[in-house]
Amino acid sequence: MRTIDWVDGAIELIDQTLLPQTVEMRRVTELPELIDDIQRLAVRGAPALGVAGALGVALITASVRAELGDAELDAEEVRRQAALLREARPTAVNLSWGVDRALAKLPEGADAVLTEALAIRDEDIAACISMGLRGADLTRELTAKDRVRVMTICNTGSLATVERGTALGAIQTLLEQGALEEAFPLETRPLLQGARLTAWELQRMEAPFRLLIDSAGPFLLSRGIADAVFIGADRIAANGDTANKVGSFSLALAAQHAGVPFIVVAPESTIDMSTASGADIEIEDRGVDEVAGFAGVRTAPAGIGAVNPAFDVTPHELITAIVTERRVIRPAAGETLAGVPFEDLRA
Ligand code: MRU
């Protein structure tokens, strides 16, 4: 089952707000629905947002063409609507990357836009396989262990991509290789992507794991509970600073304190060479309601305020390695993305 796909002229996606209780596919035929699904996290995770962006442009292109009633395309109208999609969420660069890559094919017509969007989907599937193998090999190298215990945050699995995942994909690869002793997903307040989504995926793959509350993660690293920390990424700046789900930074600090490798697993579509450092990354604030209550039940007094950043930024000095589908970069050891040609990274 793919998290997001193009089926009979529309986007189909798993509604992640209903998991783990209900597994339900949604069929999305209109742009406002897709934007709403992105904003309420029915579809989420940087690589899946890249595919949603690209397929969204295919959807827009098809609907603009249908409105005109012939094969002519109103490119201006497609671009106007694509700009709305591009801005649905600000932090994961994959969304704008997917939109822009599909839009670049607009001069060649609607079929070319769809072909490009489907290529992005297929590349995502291949990239996840490759990142998983590279991540598993690197973990064995860094830990000098045949069986490892891995801590992770948020959901970076098949639900955050088309299939398989990035950091959780690497954990699945370790499992398949008989090299996973135990996984420790953090619950990931306030929307519980770890407890709802990662625990669901780990259970389905029959992995050994125990769920942790977020605030226990750094302390348990200091007590030696894990051999490595794996995270995904929403945007990697040119200097290697990495935005990911809030809580990643404190895990990185604790991993350094504990002498545990801190590994970012992400496709190269998440690297944004136009953003110089983490300080330049826009961090989405999701407002008070997600903090003051859960699933419609208020847990904090009415009328309070909250600061609710969905992401934080881990400085590159704390990142042992960034594993992509093509290479391993070691920022804490002084390696930079600068040595990698920009075209190569974005190809
Ligand atoms: O707010 P979300 O659920 O979209 O946040 C997702 C994350 O932070 C993931 O770790 C990141 O997108 C990488 S997913 C492979």
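Looking at an unreviewed UniProt entry, one finds the chain named Methylthioribose-1-phosphate isomerase, with Leucobacter allii as its source organism. As recorded by UniProt, the Pathway (unreviewed entry) comment attached to the chain reads in full: "Amino-acid biosynthesis; L-methionine biosynthesis via salvage pathway; L-methionine from S-methyl-5-thio-alpha-D-ribose 1-phosphate: step 1/6." Here the chain is described in UniProt, under the heading Function (unreviewed entry), as follows: "Catalyzes the interconversion of methylthioribose-1-phosphate (MTR-1-P) into methylthioribulose-1-phosphate (MTRu-1-P)."

Further remarks concern the domain arrangement of the chain. When its domains are assigned, the chain resolves into domain 1 (4-123) and domain 2 (130-345). Each partner contributes to the interface: domain 1 provides 21 residues, whereas domain 2 provides 26 residues. Of all the elements in the fold, those that place two or more residues in the side of domain 1 that touches domain 2 are α2 (46-68) and α4 (93-103).

UniProt tags Asp234 as "active site" (unreviewed entry). Considering the arrangement of structural elements, one finds Asp234 in the loop between β6 (228-231) and β7 (235-237). Setting aside residues no more than four positions away along its own chain, Asp234 makes contact with Ala46, Thr91, Ala92, Ala243, Asn244, Thr270 and Phe311.

As a structural note, the neighbourhood of the ligand is formed by 19 residues, with Arg44, Ala46, Ala160, Gly232 and Lys245 the closest of them. Broken down by secondary-structure element, the contributors of at least two residues to the shell around the ligand are α2 and β8 (242-245).

Moving on, we come to the packing of helix α5 (residues 110-143) against helix α6 (residues 167-176). Contact geometry for α5 and α6: axes closest at 8 Å, N-to-C directions at 65 degrees. In terms of their interaxial angle, α5 and α6 are classed as roughly perpendicular. As for the relative orientation of α5 and α6, their crossing is right-handed in sense. Between α5 and α6, the contacting residues are Cys128, Met131, Gly132, Leu133, Gly135, Ala136 and Thr139 on the first element and Gly169, Ala170, Gln172, Thr173 and Leu174 on the second.

Attention now goes to the packing of helix α1 (residues 31-39) against helix α3 (residues 75-86). Close contact between α1 and α3 brings their axes to 10 Å; oriented N to C, the two are set at 15 degrees. Relative to α3, the element α1 lies roughly parallel. When you trace α1 past α3, the crossing you get is right-handed. Contact with α1, carried on its side by Leu31, Leu34 and Ile35, involves Gln81, Leu84 and Leu85 of α3 and no other residues of that element. In terms of residue class, the contact of α1 with α3 is made up of five nonpolar, one polar and no charged.

Definitions and limits used
Residues numbered from 1 in each chain as written. Predicted model: local features only at pLDDT ≥ 70, side-chain atom pairs only at ≥ 80, totals over all residues. UniProt positions renumbered as here; feature names shortened; annotations may be inferred. Domains from an automatic or database assignment. Contact = placed C-beta atoms within 7 Å. Helix = DSSP H or I, 4+ residues; strand = E, 2+ residues; numbered from the N terminus. Near = placed C-beta within 6 Å. Axes fitted to C-alpha atoms, helices over the stretch in contact; angles between N-to-C directions. Parallel < 35°, antiparallel > 145°, perpendicular 65-115°, else oblique. Left-handed = near helix turned anticlockwise from the far one by under 90°. Nonpolar A, V, L, I, M, F, W, Y, C, P; charged D, E, K, R; others polar.

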